[in-house]
Each structure stands twice: as structure tokens, then as C-alpha cells.
Amino acid sequence: MRVVETSELTKIYQNRYIALNALDLNVEKGTVFGLVGPNGAGKSTTFRILLGLQRPTAGSVKIFGEPMTAESADIRRRIGYLPTNPHFPRNLTPIEYLQFVGAISGVGKKQTQIQLSRLLQAVDLTSAASQTVGGFSDGMRTRLGIAAALIHDPELLILDEPTSGLDPSGRKQTIELIRELSGRDRTIIIATHILGDIERVCTDVGIISSGHLIYTGPMAEMRRLARQGTISVEIEGNTASFEQQIHTLDELGSLQWERNGAEFRITFLGTEPLPIYIERVLQLIDRTGVELLHINTGADEIEEAFLTRLEEDRTRGFLRAAAWAATQDIAGTRSGPNGSGKNIVAQEPEVIDAGVLGDPTL
Amino acid sequence: MQAFLAILRFDLSQLIHSWLVRIWVTLLAASAIFLVSVSANEGELASETLAIYTAAIYVPFSVAVLAVLAVSAVNGEASVTADSILSKSVTRTEYITAKIASRIGITLGVYLLVMAPFAYLVMRYAISDTSVSGVIIGLLMVSTLLSFLVAAGIMLSILMRNVLFAVPVLIAGVLLSGAVLQFVGLTWMSATAVINELPETFRGETPVWDEVRVLFVFISLSLAAIISGIWQFRRKDL
């Protein structure tokens, strides 16, 4: 079942700025979906439209299968939302604020009291319960926002930059909290510009750039793609011999490598599985008699893969636009006056974006 | 309905605890007590005392305060509204009607709190030349003027993002409307004309038709501003 479904979602502000560009986002029930993109990519705008806070210029949005509008309070009752750097009434204490949120969310008074005590403890704000929100740091406000998003035990949780303004310990704590919240049929969507923050908790990921989703797929697939073929080794001993013999690895297909001190980063461009490449590199290490200090099969590369896809998308922008215009002409020719050529248009990006890994329809 | 009541309670509580409202009520009450004692000691006419207090103290001072309260109702707290309230299970209509109800409620509440005892004391201790029905109608006419000001202010608050700019726009609008109405031959519709007529109204000398049309016009204008504000807010991007 799809919890979130957008179709060609477009938002243009005052005919001047395109925030969302035909965004097709689908999130299945029970997944933890990471929406990753640089600042200004359209993540927050997407969320505000999902919540009915803003109206799309074009396209449609369905939450739990129902169209979302500004008046869809019943749908929002099933959603918890944490905005980026949330704003709260400054003169309230966290308890007063959560009581207010409980009241407007339709939670009973007793249930609110039970929930708020539990949540304030979970987000580590119990000691700050007597302070007013006006004196809170960014991190404390974010944690209070998480508690407010959870007060009515929502089925869908939308978190916009949940680790924003948090120190390393707060970030870790928040990630752990998200991990605990996942499951039990709850769907979570997390927006961030730091993929590493959510890499461990997300089951699915979408990469958004300039208001357009350029990749979507399972996190495991993204991870696999990111790690595919790149091996970093840190060695000591006869490194010159190792360097001289790296070329012998090209029997597996072409490769690229670079050296940075004692670290060699080898990228295989073939299609063999990663374990084969690892085996050959370890054999080379053994053969040249160098000592292996560290081997990395791309665990840190996922961030780079994300950036690569952004770069690919930027360079393809003109090509995509030109190809889309061409398909419009073809569709117009084929479809005739009844306009039945829409499917042809929808499928066309499959060809244009063939180099973008993941869902080929994007 | 639960969300409407929760927001109404919350907004009223915020207003009652604000320094602006506290200072406003204190100054109105203090000046009212002073005028009662003066009118009692100096043998002033009740109708003149009531009219002077309304025209020279209550209305000018309240226009400034109410303009700020009304214009800051929505855009003054836009980020809090979106983050804390409208992202929850609250409809736009519930939110804006609760806001309108609380702002008009505080306006009429303070008005009743200050004017009712003041009118009673003036009628009792000053030289009585007023009629009870005239005082009630006169006070009612001023309350519709103030309600219209607040409704227009809230509408402006939805349309304009800059609160500091919206306050002078609202006050200038009220002041300029008098000149414009005079120019088009509708002087009786201006706030200034209504206030100038107050001594006669308090004495019960104003024709009923004049009173009815003023009440009708300002209630209609208030409703138009409220409906227009709700319509605008439901379409607004937050």
C-alpha cells in the first residue's frame, strides 16, 4: 500500500522560482524513506505540500490514498511532522506546548499526559520541562519538535532535517530514536542533505535535485551501487612494487586507480561482483609482500555516489529538456488529436536517464 | 470543533497575558476612573463625559492597540502557525475562525469590561441627561466600529507579510476612509461622523433609522472582511 503518492508534482513560486519539477514520489507503507538532496532542492516544499500547507501549482498528491488539501485535518491526524528548525510559542513550557498539541490533535487529556511524560524522557527534555521554549537551543527545539510530532502516535512520520542543530551525541540519539520508531507499520520519511546521517536507518532512498527526483530505490541497492567496484587499501612496505603491478588487475576489465600516500584507491570498471575484485586485490597484496593496514570496500562512498548522481543530473539537464521537447513532437505526431500519446512521453525519460541508476522511469 | 476551542483558548490566554493588553486595559480603566470623579465633582453632563471619553481616549488609544493585535494575528506568527498548528489535524477554517473569534472577543470583552461600569458610574454620578436605550445603542455602535477595525486588520494580516507596514496601512485606511466617504457624499458612514454624533446618541436624540443604518453598515462590513479573510486564508501558502 502506498502511503504517499505524488504525480508530476510541480510548485512554482510567483512565476519566478521552480521549487518542484514534476516530482513523482511514492512511499510504501512501513518503509523508512530518506529524501536526500542539497539545500534548496525542494525537500521542505515537498513536505509542505504533502501536509497541505502549500498548494501545488500542478500535479497531485495523495496521502493514505486520499487527496491532501488545506482542509484535510483527518489525514493530518495520522501524520506527525517535524519541520526544519521548528518554531514554537516562546512563552510556553514544553509540557504546556505538548498539552496544546495534544488538544489540537484530538488526543484525550489523560492520554496526552501519559504520552508527554514518556516523550519528554525519550527526547531527553525532562530536565528542561520547567523552562520556556524561548530559552531553548536549536537542538532542544528540534527534540521538542520530535516529541510534538509523536504525541498522537502517527502512522506516518515526516521529519525535515531531524539532526539539524544537534551535537554528535544528539544526532546519534535522534537516529537511534528514528530506528526505534520504525516498524510497527509506521512509515517514516526523513529529509536531509547529509546522507550519512540516515544511511543506517533508511530502507529506501530518493535523491532530489532542483525539484526533481533523480534516483529512487532501496537503500541496499544504493549502497551496493555506491560500493560497486571501488576498493581502497592502505599498505606499508614495498608500495612501489604494489604500484608497479596494479596494472595486472586489468585482466578483470579496465580499471582506474589513484595513490594518496600509502593509500591506493582502485576502481574496477568491469561487471564482476565485488568479492572477485577484493580477492584479486588481496592476492596482489600477498604477491608483492606489502602489509595491509586497512581495506575499505566503499563504506564511505555512498555520500560520493549521491554527489555523483547530483552532478550527473546537472550535466544532463539540457539534454533531458531537449529530449523531452523532441518526444513531445513525436507524441504529438503519433497521438493525433485525442492526445493519447501521454504514455510515450512518460516513458521517454527511461532512455534519457539510462545512465542514472535506480528507477529508470525517473 | 475540539481544535477550534483549543486554539481559541490558547490565543485568548496569550492575549490576556500579553503586556500590550495589560497596559491597554490599565490605562483605559485609570482614565475612566479619573473622568468619573471629575464629572461627578465638576457637575459635567453624562452624555458629554461619555462621548469625550469614547472619542478622545477609548477609540484613539484602542485603535492603535487593536491594529497591532489584529494585524499580528496571522502573519505575525506565520512560522509558529505552520510548524506548530496547521501541520496538525486542524483545518484552515478552524484556525482562522478561532483567531478571529479570539481577537474580536478580546476587543469586545475589554470594551464591555471598561465601558459598562464607566457608563453606569457616569450616569449615576454626573448630571444625568442620557437615556438608557441611547447609551446602549451608542455603545453598540462604537463596538461595531471596533469590531470592523479588528476584522479589517485580520484580513490585512492575511494579505500582507510585513506587520510593521500593515499597522500604519490599517490606521491610514481608517483615517482616509472618512475623507473619501465625505467626498462621495456618504459622511454618515465614516467612523468620525459616528463618534461626533455620540452625545446626541447617548441622549437618545439620534433618529432610529440613522442608528440602524450605521449598525447595519458596520456589521455588514465586518462580516465581509471576515468572510473575505477566511476565503483568502484557505487559499494561502504557508
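Since the model is a prediction, treat every value here as computed from it, not as a measurement.

Rules and cut-offs
Residues numbered from 1 in each chain as written. Chains lettered and ligands numbered in written order. Predicted model: local features only at pLDDT ≥ 70, side-chain atom pairs only at ≥ 80, totals over all residues. Helix = DSSP H or I, 4+ residues; strand = E, 2+ residues; numbered from the N terminus. Buried ≥ 20, exposed ≤ 12 C-beta atoms within 10 Å, placed from the backbone. Rg over C-alpha atoms; globule rule 2.2 N^0.38 Å. Contact = placed C-beta atoms within 7 Å. Nonpolar A, V, L, I, M, F, W, Y, C, P; charged D, E, K, R; others polar. Axes fitted to C-alpha atoms, helices over the stretch in contact; angles between N-to-C directions. Parallel < 35°, antiparallel > 145°, perpendicular 65-115°, else oblique. Left-handed = near helix turned anticlockwise from the far one by under 90°. Expected span 1.5 Å × (residues − 1). Domains from an automatic or database assignment. Pairing = 2+ DSSP bridges. pLDDT = per-residue confidence, 0-100.

(A) Structural context of the overall build of chain A. Within chain A, the regular secondary structure consists of 13 helices and 15 strands. Counting only residues that meet the buried cut, chain A has 40% of its 362 residues in that class.

(B) Representation of the overall build of chain B in the model. The helix and strand tally for chain B stands at 10 helices and 0 strands. Helices and strands in chain B line up, N terminus first, as α-α-α-α-α-α-α-α-α-α. What you see for chain B is a C-alpha radius of gyration of 19 Å, in line with the 18 Å of a compact globule of 238 residues. Overall, the C-alpha framework of chain B stretches about 60 × 40 × 30 Å when taken along its three principal axes.

(C) Structural detail: the interface of chain A and chain B. Contact residues are listed per partner, giving 22 residues for chain A and 22 residues for chain B. Per element, the largest residue contribution to the side of chain A that touches chain B is 4 residues, and it comes from helix α3 (residues 94–104) of chain A. Looking at side-chain class alone, the side of chain A that touches chain B contains 13 nonpolar, 4 polar and 5 charged residues.

(D) Molecular detail of the environment of B:T192. All names here are of chain B. The residue T192 is located in helix α8 (residues 191–196) in this model. A residue is classified by how many C-beta atoms lie within 10 Å of it, and T192, with 17 of them, is partly exposed. Along the backbone, T192 and L175 are 17 residues apart, and their C-alpha atoms lie at a distance of 8.5 Å.

(E) Molecular detail of the packing of α3(A) against helix α4 (residues 109–122) of chain A. Residue and element names in this part refer to chain A. Two elements in contact, α3 and α4, have axes separated by 10 Å at closest approach and are oriented at 130 degrees. On the basis of their axis angle, the class for α3 and α4 is oblique. Remark: the crossing between α3 and α4 carries right-handed chirality. Together, P94, I95, L98, Q99 and G102 of α3 and T112, Q115, L116 and L120 of α4 make up the contact between the two elements. Taken together, the residues of the contact of α3 with α4 break down into 5 nonpolar, 4 polar and no charged.

(F) Summary view of helix α2 (residues 19–42) of chain B. Residue and element names in this part refer to chain B. For α2, which comprises 24 residues, the first-to-last C-alpha distance of 34 Å matches the rise-based estimate of 34 Å (1.5 Å per residue) to within 8%. If you check which residues of α2 are buried, you get W24, L28, A32, L35, V36 and S39. The secondary structure elements touched by the buried residues of α2 are α3 (46–71) and α5 (92–125). One or two positions beyond α2, positive phi appears at G43, with a value near 70 degrees.

(G) Representation of the domain arrangement of chain A in the model. The domains assigned to chain A are domain 1 (2–217) and domain 2 (228–296). Each of domain 1 of chain A and domain 2 of chain A has a C-alpha centre, and the two are 43 Å apart.

(H) Structural context of the sheet that holds strand β9 (residues 187–192) of chain A. Residue and element names in this part refer to chain A. Taken in spatial order, the 6 strands make up an open sheet running β7-β8-β9-β4-β10-β11, and their pairing is mixed. The open sheet has two edge strands, β7 (79–82) and β11 (212–218), and neither has a second partner. Strand-to-strand twist of the sheet, defined as the mean angle between neighbouring strand axes without regard to direction, takes the value 15 degrees. Packed on one face of the sheet, helix α5 (residues 138–150) meets β7 and β8 (156–160) and runs near 170 degrees to β7.

(I) Expanded view of the sheet that holds strand β14 (residues 263–268) of chain A. Residues and elements named next belong to chain A. Pairing is antiparallel across the open sheet formed by 4 strands, whose spatial order is β13-β14-β12-β15. The open sheet terminates on both sides in strands that have one partner only, identified here as β13 (255–260) and β15 (291–296). Within this sheet the neighbouring strands show an average axis-to-axis angle of 20 degrees, counted without direction. Sheet topology note: the strand β12 (residues 230–236)/β14 ladder contains 5 bridges and is antiparallel. Residue V233 lies in a different strand from β14, and its bridge partner there is F264. Helix-sheet contacts for helix α10 (residues 274–288) involve β12, β14 and β15, and the interaxial angle to β12 is about 15 degrees.

(J) Layout of the pairing of β7(A). Residue and element names in this part refer to chain A. Burial of β7 is two-sided: the residues I79 and Y81 facing one way and the residues G80 and L82 facing the other way are all buried. Here β7 pairs with β8 via 4 bridges, running parallel. Within β8, the residue paired with I79 across the bridge is L156.

(K) Representation of unusual backbone geometry within the structure. All names here are of chain A. Backbone geometry places F64, a non-glycine residue, at a positive phi of 50 degrees. Of note, F64 is situated in the loop between β5 (58–63) and β6 (66–67). For F64, a count of 19 C-beta atoms within 10 Å corresponds to the partly exposed category. One non-glycine residue, S210, adopts positive backbone phi at about 50 degrees. Residue placement: S210 occurs in the loop between β10 (204–209) and β11. Among the residues examined, S210 registers 18 C-beta atoms within 10 Å and is labelled partly exposed.

(L) Structural context of the confidence of the model for chain B. Residues and elements named next belong to chain B. Per-residue confidence for chain B gives a mean pLDDT of 89; residues scoring 70 or more make up 100%. Per-residue pLDDT, averaged within each element of chain B, yields its smallest value for helix α4 (residues 78–86) (77) and its largest for α5 (93). For this predicted complex, the interface score ipTM comes out at 0.81, while the overall pTM is 0.78.

(M) Quick look at the pairing of strand β1 (residues 2–13) of chain A. Residue and element names in this part refer to chain A. Bridging between β1 and strand β3 (residues 26–28) involves 3 bridges; their strand directions are antiparallel. Bridging across to β3, R2 finds its partner in E28. In this structure, β1 lies alongside β5, joined through 5 bridges in antiparallel fashion. Bridge pairing in β5 links T10 to A58. Sheet topology note: the β1/strand β2 (residues 17–23) ladder contains 4 bridges and is antiparallel. Pairing of Y13 across the sheet is with Y17, part of β2. Hairpin connection of β1 to β2: 3 residues between the antiparallel strands, including Q14 at a positive phi of 50 degrees.

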